[in-house]
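Structural overview for review
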Amino acid sequence: MGAFSYFPQTEEDIRIMLERIGVGSLDDLYADVPADFIYKGEYDLPSAMSEQQVRDFFEGLAAKNTRLKVFVGQGAYDHYVPSVIPYITSRSEFLTAYTPYQCEISQGTLRYIFEWQTMICRLTGLDCANASMYDGPTAAAEAVRMCVASTKKRNSVIVSARLLPHVIETIRTYAKYAGINVVVTDKVAEEVAEGVLDLAGVIVPSINRFGVIESHLGLADLVHEKGALLVEYCDPSALAVVKTPAEWGADIAVGDGQSLGIPLCFGGPYVGFMACKEALMRKLPGRIVGQTTDASGKRCYVLTLQAREQHIRREKATSNICSNESLMALWCTVYLSLMGPEGMRKLNALCYEGAHYLHDALLATGQFERVFDGEFLKEFCLKPKCNVQKLQQALLDAGFFAGLQTEDGYVTFCVTEKHSREELDQIVEIVKSI
Amino acid sequence: MKYYDKLIFELSKPGRIGFSLPETKTQLPKGNIWRETPTGLPEVSEVDVVRHYTNLSQMNFGVDTGFYPLGSCTMKYNPKINEEIANMPAFTGLHPLQPESTTRGALEIYVGMDKALAAITGMKHFTFLPCAGAHGELTGLMLMREYHMSRGDAARTKVIVPDSAHGTNPASAAVCGLEIVVVKSRENGLVDVEALKPLLGPDIAGIMMTNPNTLGLFERDIKEIAKLVHDCGGLLYYDGANMNPLLGMVRPGDMGFDIMHLNLHKTFSTPHGGGGPGAGPVGVSDKVLPFLHIPRVSGFHGNFGIILRAYAYILMLGREHVKMAGKLATLGANYIKESLKDCYKLPIPTVCKHEFVFDGLLEDNGVTTLDVAKRLLDYGFHAPTIYFPLLFHQAIMIEPTETESLETLDAFIAVMRKIAEEAKADPEMLHGAPHCTPIGRPDETTAARQPILKYD
């Protein structure tokens, strides 16, 4: 096999290097590997493709996907992605950088993480935030672990059944192996008041899986009286207009940054965020950037409070997280910079307007019943009176992904600023025709 | 690199906007559940944003700007075609809950990657849910526990980790509710089989191994270790962080490993992104296969965009070039090692794999590993991994990767030799390094004692 564009060594280079090392061949570098472990077979992989062949191959796969107009949320929201963002995030200096351990040549990364931490604090109203988590569900699972680690001899958490199913499932997974007792309930306040003796934490959604904006009035006091911590799971885009976790008295806020301009991308990469009150700062998992000065007094940024982390504390670390989702945090930071306070207000107003228009128009068709009275922003659930499969197929045939059925049998819709009035009217017409 | 001192908040001016949205007269309701406090987001124009982040990027080092001899991190070149493919709207526009009939292309990518990774590693199948290496470790250990629980073997709550292991290994074990038992390495840097034997018993869930280990040494007793661990009823976990030298040469499945993870952002060329997103798919042998679907460790289908990139890389490599990847990485590491061992202390002189460890400068002039690392930045190189593994006090861990040319390695070697000379002539100058970077050494003590974690 001839040369390969990612391998710069010529045969002459290889000969020079082997000579310096003092071995006769490349295979001799593996003399310490027991011979029967050296793979002698042909790897069951396709034959090497040229760049154009690779492109054609993926274009072929791309053609097997159907691009739909997305009117479903459930943890992944189809917001518009401003064109500036991919230009910034694809800059090599950001994209191909390592974790910013060498702060002298990583001020770019460190600076945007500091800005991200600041924006997350401002959106949640809380005191400090970390550099990022893998996604919203893992951030929720880590928050649950944090509650247990921050309260003495307490090992139970109450999880609202109104969180998104994949969030609950991820919490259950982490809790199972950590030996944490998880109580999933629809009646959070009652459960806090009555049951669960060794309560460490309670996790509730800011906007629940039915799209309803929840009121947590009095909940924090109740949870704190029991000596436990309150965690709120939030959509950060909505936090620009709904009451913050801090205002409800939550100790920790987590969620997924995807709604801040990250493409749907079949579920990832996204980015989790986590913020908390100052008292819990040293219990945060993952990386944290702090401001300091260099030897000459210049303001600069470093990874700090590393005594919490796995590379220092090993099994005693607050978490095992190492790589996080840094570039996706940049994605959100650029997004929030572009949008600013007015952009986020307007965006949410557009979502609200579109969602309420569709909601009312769908009810007017007589094919649905209203089941939730609470206020909603961009996502809502209705109880179908029609044949759901038939409805979904008709929508799909017209190029819409809408009306996804929840596990309770409701159908869910989500409208963002991307969607036009014409599209909403089309959906309504399709519903009428069922 | 030029120093630039602004935060986006400091560019803010009331009334400026950087967005473009349709008009609306809708006002959101007030009171009760609605936010009344300001969001505190910056008010900047689009050009402010572009200049600000471009300026920030210019204070950053990346694979595209220079060489990273960063041990255990496998900072190889990130092919550009992968980026283009991952940004195709037919992939980025897919909602994770769309009906299968509309995502066939995406699903084929998972099937293709599963098959390719199985071929490369000798494992049976992979789960793609984990979003990073440590996340893969955690998932793998969950599978280990499921395996034992399914056999009613609940007493297996301890996992053996060598003293040379990556910090994530013990941390992942702890998050998974396992107790850690450390097995020592011998003088030659390999796991001490005699020290391992008494640790094995009915309470052992398994062992986590990195092979080659963090000293870049192939654990040649792996066959015996695998037999001992399996005989005691435990499983073998393979930490794929160091898979690169084995790429195209040795398959973990053939060495007796039952569970492993791969770092797609290391071995399979996806960009590190300043600390992610990565992907840490976990592969299993037949024995563990029935449990592969159990742990739901992330939201949807893992980091699809990263999996796509890695698949494109594998297709470029193909069955022909894959055979050279590991060998060339190993060649580069040994070349650097042999070229510098007369100025840097080489505690373990044998042939290494993709990486090796120096224990500081050969001659003691009071110049530390940190000084050497910081001085490298002045010469346009990233620093190696330093003070790890913990086995040596002045550890300098170097890993070149197969995408670095002889000329790059020679330039790095020349600078390392020059720094060794500087250490003799002017140690003070090295204590103060770096001198040519946008900032000098930071005051990390104050950063940790009086943390400022946000802009006020």
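Everything here concerns the structure above.
In short, a report on the structure. (Residues numbered from 1 in each chain as written. Chains lettered and ligands numbered in written order. Predicted model: local features only at pLDDT ≥ 70, side-chain atom pairs only at ≥ 80, totals over all residues.)

1. Thoughts on the sheet that holds strand 14 (residues 404–405) of chain A
Residue and element names in this part refer to chain A. Strands sit in the order 11-12-15-14 across an open sheet of 4 strands; the sheet is antiparallel. Since the sheet does not close on itself, it has two edges, and those belong to strand 11 (368–370) and strand 14, each with one partner. Examined bridge by bridge, strand 14 and strand 15 (residues 411–414) share 2 bridges and lie antiparallel to one another. When the sheet's bridge partners are listed, leucine 404 is paired in strand 15 with threonine 412. Helix 12 (residues 326–364) contacts strand 11, strand 12 (379–384) and strand 15 of the sheet and is inclined by roughly 5° relative to strand 12. (Pairing = 2+ DSSP bridges. Helix = DSSP H or I, 4+ residues; strand = E, 2+ residues; numbered from the N terminus. Contact = placed C-beta atoms within 7 Å. Axes fitted to C-alpha atoms, helices over the stretch in contact; angles between N-to-C directions.)

2. Examining the interface of chain A and chain B
Across the contact, 161 residues belong to chain A and 166 residues belong to chain B. Sort the elements by how many residues they give to the side of chain A that touches chain B and helix 12 of chain A lands first, with 20 residues. The class makeup of the residues in the side of chain A that touches chain B is 86 nonpolar, 44 polar and 31 charged. (Nonpolar A, V, L, I, M, F, W, Y, C, P; charged D, E, K, R; others polar.)

3. Some remarks on unusual backbone geometry
Leaving glycine out, the prevailing phi sign among residues is negative, and the prevailing peptide bond configuration is trans. Following asparagine 211 of chain B, the chain continues to proline 212 of chain B via a peptide bond in cis, the omega torsion being 0°. As for its position among the elements, proline 212 of chain B is in the loop between strand 4 (204–209) and helix 8 (222–231). For the bond from alanine 433 of chain B to proline 434 of chain B, the omega torsion is 0°, close enough to zero to count as cis. Here lysine 153 of chain A, not a glycine, exhibits a phi torsion of approximately 55°, which is positive. Assignment of secondary structure puts lysine 153 of chain A in the loop between helix 6 (136–150) and strand 3 (156–160). Phi is positive for asparagine 32 of chain B, close to 55°, though the residue is something other than glycine. Relative to the helices and strands, asparagine 32 of chain B is located in the segment before helix 1 (46–57). What makes asparagine 32 of chain B exposed here is the crowd of 12 C-beta atoms within 10 Å. (Buried ≥ 20, exposed ≤ 12 C-beta atoms within 10 Å, placed from the backbone.)

4. Description of the packing of helix 5 (residues 107–124) of chain A against helix 12 of chain A
All names here are of chain A. Helix 12 packs onto helix 5 with a crossing angle of 60° between their chain directions and a minimal axis gap of 9 Å. Relative to helix 12, helix 5 is oriented oblique. Pair helix 5 / helix 12 crosses with left-handed handedness. Along the contact surface, helix 5 presents Thr109, Tyr112, Ile113, Glu115, Trp116 and Met119, while helix 12 presents Ser326, Ala329, Leu330, Cys332, Thr333 and Leu336. Among the residues forming the contact of helix 5 with helix 12, the class breakdown is 8 nonpolar, 3 polar and 1 charged. (Parallel < 35°, antiparallel > 145°, perpendicular 65-115°, else oblique. Left-handed = near helix turned anticlockwise from the far one by under 90°.)

5. Re the sheet that holds strand 2 (residues 128–129) of chain A
Residue and element names in this part refer to chain A. The 7 strands lie next to each other as 2-8-7-6-5-3-4, forming an open sheet whose pairing is mixed. The open sheet terminates on both sides in strands that have one partner only, identified here as strand 2 and strand 4 (181–185). Taken together, the 5 bridges between strand 7 (residues 252–256) and strand 8 (residues 272–276) define a ladder with antiparallel strand orientation. Note on strand 8: the bridge partner recorded for isoleucine 252 is cysteine 276. The sheet strands contacting helix 6 are strand 3, strand 5 (199–205), strand 6 (229–234), strand 7 and strand 8, and the helix crosses strand 7 at an angle near 160°.

6. Some details on helix 11 (residues 406–425) of chain B
Residues and elements named next belong to chain B. End to end, helix 11 covers 29 Å across 20 residues, agreeing with the expected 28 Å (1.5 Å per residue, within 8%). Where helix 11 is concerned, the buried positions are Leu409, Phe412, Met416, Ile419 and Ala423. Looking straight down helix 11, one finds its buried side chains confined to an arc of 80°; they lie on one side. Residues of helix 11 that are exposed and point more than 90 degrees away from the buried face comprise Glu407, Ala414, Glu421, Lys424 and Ala425. Contacts from the buried residues of helix 11 go to helix 9 (304–340), helix 10 (369–378) and helix 12 (427–431). (Expected span 1.5 Å × (residues − 1). Arc of directions from axis to C-beta.)

7. A look at helix 14 (residues 421–433) of chain A
Residue and element names in this part refer to chain A. For helix 14, built from 13 residues, the straight-helix expectation of 18 Å at 1.5 Å per residue is met to within 8% by its first-to-last C-alpha distance of 19 Å. For helix 14, the set of buried residues is Leu424, Ile427 and Val431. Looking straight down helix 14, one finds that the buried residues subtend no more than 55° of arc, so they occupy a single side. Exposed residues on helix 14 whose side chains face more than 90 degrees from its buried face are Glu422, Glu429 and Ser433.

8. What about the pairing of strand 4 of chain B?
All names here are of chain B. Across the 6 residues of strand 4, 6 count as buried, placing the element largely inside the fold. Here strand 2 (residues 158–162) runs beside strand 4; their pairing, made up of 3 bridges, is parallel. By the bridge assignment, valine 159 is partnered in strand 4 with glycine 206. For strand 4 and strand 5 (residues 235–240), the ladder comprises 4 bridges, and the chain directions are parallel. Among the inter-strand pairings, methionine 209 is bridged to a residue of strand 5, identified as tyrosine 238.

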